[in-house]
Amino acid sequence: MISYLGFPIRWPDGKPFGTICVLDRKTNSYSEKYRRLITQFRDIVEIHLEVIYTEAKRRQELERLVDERTALLQVAVEQRIEANNRVLSEMTQREQIEESLLKAQGDLARISRITAIGELAATIAHEVNQPLFGVLANGTACLRWLAGVEVSSPNLAEARQAVERMIRDGRRAGDVISRLRNFFTASGGEKTSLKINEVVEGIVMLVRHELDRNHVLLRTDLSERLAIVQGDSVQLQQVLLNLILNAADALADVIDRPRELTIVTRPESGGVRVEVKDNGVGIEKEKLESIFQPFYTTKTNGMGLGLSISRSIIEDHGGQLIAQPNNGPGTTFCFTLT
């Protein structure tokens, strides 16, 4: 190598990349034109290096941004997972609390039913004893007819009628006991298709003697054109029992007029409407909503839970329980079912 002409090639940041040069075996004096040609090659290479350098920087920055975003996303995902776990835990706890609350409400409703039946102990005894006495009387009469005590020979026709009355009274006593057993059960809130008039008639059978004993005239106005509704018969009987006993209490102090209690059923908006109306002392308008609050009572020995439980039951059935003052004396409690 005799002659050498070289120029440095640099990266855009100034660091050396290499050299572009011309080597010759003989002495050579490179012209300015030759120098410009070499530097032009050098500039072209540096331009490509700048593109490569820029793309590398961009890729590096992109990778950095991706890493940062990935880290942020991982943190966000972890936070979201933690938040979801907290929500699931809270939902589980809430479901457990709701289940406990429903169980407590069911137990409270059952205690309320037992308390109400306790108040009707004399009525229940009467409703059971009456058919039993009938069975006893008809059984004695049957034996007499079979023995021919009244006439010279057995009277089978009279004996047959006495046996039929015994069967009727036995079924009546069994029906009372069956209704009481169902009423004492811890209802699970299972709703079935039922006829509301049968629910009313069932509870009327349990309370009629109690109302008679307190000189309350009970009337029923049950429409025959009623739709079948979905409901829990035990819970609905509890509502009716609470309303009837409250009405009887409101009538206890009435001495200037006959004590009257009316139960009405009628169609309404694809469902049924049930009314329990009394002509008792009535309720002040400003207290018509307060009476449905838990532990609010106007009775000296009351727990203040009957109407609160009744409203909860009706709302659970998709209806509404309200109290309205009558045009005359007394109050009407009404609820709807579909």
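Residues numbered from 1 in each chain as written. Predicted model: local features only at pLDDT ≥ 70, side-chain atom pairs only at ≥ 80, totals over all residues. Heavy atoms only, no water.

A. Quick peek at a nonpolar patch on the surface. A surface patch of nonpolar side chains, amounting to about 380 Å² of accessible area, comprises Met1, Tyr4 and Leu23. Along the chain, Met1 falls in the segment before strand 1 (3-10). (Patch = residues over 30% accessible without salt bridge, like charges linked within 9 Å, V, L, I, M, F, W, Y side chains within 5 Å. Areas by Shrake-Rupley, 256 points an atom, 1.4 Å probe, with all protein chains shown as cover. Salt bridge = Lys/Arg side-chain N within 4 Å of Asp/Glu carboxyl O. Helix = DSSP H or I, 4+ residues; strand = E, 2+ residues; numbered from the N terminus.)

B. Representation of the side chain of Arg259. Position of Arg259 among the secondary structure elements: in strand 6 (residues 259-268). Buried and unpaired, Arg259 has no salt bridge, with Asp253 as the nearest side chain of opposite charge at 6.8 Å. A polar contact is formed between the side chain of Arg259 and the backbone oxygen of Val254, at a distance of 2.9 Å. Not counting the four nearest positions on each side in its chain, Arg259 is found in contact with Asn214, His215, Val216, Leu217, Leu251, Ala252, Val254 and Asn279. (Buried < 20%, exposed > 50% of the residue type's maximum accessible area, 1.4 Å probe, protein only. Lys, Arg positive; Asp, Glu negative; His and termini not counted. Polar contact = N/O pair within 3.5 Å; in protein donor to acceptor, adjacent residues only side chain to side chain. Contact = heavy atoms within 4.5 Å.)

C. Inspection of the environment of Leu217 at higher detail. Structurally, Leu217 can be placed in strand 4 (residues 216-222). Taking the C-alpha atoms as reference, Leu217 lies 9.9 Å from Asp278; in sequence the two are 61 residues apart.

D. Spotlight on the packing of helix 5 (residues 233-251) against helix 6 (residues 306-316). Contact geometry of helix 5 with helix 6 gives a least axis separation of 9 Å together with a crossing angle of 145°. Between helix 5 and helix 6 the crossing geometry is left-handed. Across the interface between the two elements, Gln235, Leu236, Gln238, Val239, Asn242, Leu243 and Asn246 from helix 5 touch Gly306, Leu307, Ile309, Ser310, Ile313, Ile314 and Asp316 from helix 6. Taken together, the residues of the contact of helix 5 with helix 6 break down into seven nonpolar, six polar and one charged. (Axes fitted to C-alpha atoms, helices over the stretch in contact; angles between N-to-C directions. Left-handed = near helix turned anticlockwise from the far one by under 90°. Nonpolar A, V, L, I, M, F, W, Y, C, P; charged D, E, K, R; others polar.)

E. Expanded view of the nonpolar core. Of all hydrophobic cores here, the largest spans 42 residues; its most connected members are Leu261 and Phe335. Going through the elements one at a time, helix 4 (196-213), strand 4, helix 5, strand 6, strand 7 (271-278), helix 6, strand 8 (321-325) and strand 9 (331-337) are the ones with two or more residues in this core. Top contributing element to this core by residue count: helix 5, with 10 residues. In contact with Leu261, not counting residues within four places along its chain, are Leu211, Val216, Leu217, Leu218, Arg219, Ile244, Ala247, Leu251, Val276, Lys277 and Asp278. Membership of the second largest hydrophobic core comes to eight residues, among which are Phe7, Ile20, Tyr30 and Ile38. (Core = buried A, V, L, I, M, F, W, Y, C linked by side-chain atoms within 4.5 Å.)

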